[in-house]
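So the chains spell out like this:
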Amino acid sequence: MTEITVSDGRVCIIKAAEITSVKEGLEAIKNALIDFTTSDRVQESNLDTFLFVDLSPFNIINSSLIGIFGSIIMDQKIQLLGLCGIQPAVEDILKRFGVITENGMGKDFASDRIKENLSKVLAFDSIEDGLICLNPA
Amino acid sequence: MLVFEEKFTSEISSIVKFLNDFKKNYLQTLVEDAKLRDRIEYVVMEAVDNAHEHGNKKDPNKSIVVRCWKEAGLLFFSVLDEGAGFDGNIPPTRPGLDNLNGRGLVSIQDYSHSVSFNDKGNLITFTFRTW
């Protein structure tokens, strides 16, 4: 249901392989995010972790996924949360809960503790665009 | 006018089936505007998730009932669970990102035209303007 690709323990790409229903796809993405971010290879590693999530198959997301994004944003082991292929209603939900702003970055009116971490959230048109930012050359 | 009434067990597979059927069989024909369709789909999913997780405490022996009806340019939805109920007070502010939960009801209120609860607090009713 979800495809998780991890290279060198640093870059993780999570995408729903086949979406037959929004709810099922969101559950799969949520479970994959929890499994990966709480795993030893992230929490016990001394390397920075860059995480890309493909949201392109979803016309909507749910509030529990926003909660998981919040945990990831506050996780010191994660250096970048790239949200890719965001559709209009998903963008509205993400903005409403302060995950991204108009320019696709973290909300600037958040509390200091949250603000310190929000710069790690970036929106990309696609996973490929996100990966390019890691290696602009 | 009643559009549908669906009863299903409080299990992920039943919820997935209901949401799929709702989107395919009703939402496409009930609402022309794609933006409003997304909002309704989101709110119905949140309300059903709340009923399953907080109302029925994920007990598969309990059920969820979703009703939809049309009246005077409004589309009404109600979601009933078999839980102990909720006090009906929706938090006045959105939770910060350091909170895992607490966004469901706030966003239901944000996206719908009106929200109300029965006295027991196990039946939520919300409406959307369809014109």
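Since we're looking at a predicted model, the values are computed, not measured. (Residues numbered from 1 in each chain as written. Chains lettered and ligands numbered in written order. Predicted model: local features only at pLDDT ≥ 70, side-chain atom pairs only at ≥ 80, totals over all residues. Heavy atoms only, no water.)

*Asks:* Sorry, what's going on with the interface of chain B and chain A here?
*Replies:* Frequently, the measure chosen for interface size is the accessible area removed from exposure when the parts meet. Chain B puts 24 residues into the contact, and the matching count from chain A is 29 residues. With both chains or domains summed, chain B and chain A bury close to 2200 Å², and 61% of this area falls on carbon and sulfur atoms. Counting every contact that joins chain B to chain A gives two salt bridges. Asp 110 of chain B serves as the salt-bridge partner of Arg 96 of chain A, at 3.4 Å between the closest nitrogen and oxygen. Scanning the region where chain B abuts chain A turns up eight residue pairs in polar contact (both at pLDDT 80 or more). Mapped by element, the contributors of at least two residues to the side of chain B that touches chain A are helix H1 (12-30), helix H2 (34-55) and helix H3 (104-111) of chain B. Taken together, the residues of the side of chain B that touches chain A break down into nine nonpolar, five polar and ten charged. (Contact = heavy atoms within 4.5 Å. Buried area = accessible area lost by both parts, 1.4 Å probe. Salt bridge = Lys/Arg side-chain N within 4 Å of Asp/Glu carboxyl O. Polar contact = N/O pair within 3.5 Å; in protein donor to acceptor, adjacent residues only side chain to side chain. Helix = DSSP H or I, 4+ residues; strand = E, 2+ residues; numbered from the N terminus. Nonpolar A, V, L, I, M, F, W, Y, C, P; charged D, E, K, R; others polar.)

*Asks:* I'm lost on helix H3 (residues 63-73) of chain A in this one. Help?
*Replies:* Residues lying three or four places apart along an α-helix face the same way, a consequence of the helix completing one turn every 3.6 residues. Burial of H3 of chain A is extensive: nine of the eleven residues sit out of reach of the surface. Residues of H3 of chain A that are buried include every one of Ser 63, Leu 65, Ile 66, Gly 67, Ile 68, Phe 69, Gly 70, Ile 72 and Ile 73 of chain A, and no others. (Buried < 20%, exposed > 50% of the residue type's maximum accessible area, 1.4 Å probe, protein only.)

*Asks:* Explanation requested: the pattern of salt bridges in the structure shown.
*Replies:* A side chain with one charge can pair with a side chain of the opposite charge if their charged atoms come near. Following the criterion strictly, the structure yields nine salt bridges over all chains and no others. The salt bridge involving Asp 49 of chain B is made with Lys 23 of chain A; its shortest N-O contact spans 2.6 Å. Of the two residues, Asp 49 of chain B is situated in helix H2 and Lys 23 of chain A in helix H1 (residues 22-37); the pairing between them involves two chains. Comparing Asp 49 of chain B with Lys 23 of chain A shows no difference in burial state: the two are buried. Here Glu 27 of chain A and Lys 30 of chain A are joined by a salt bridge, their closest N and O atoms 3.5 Å apart.

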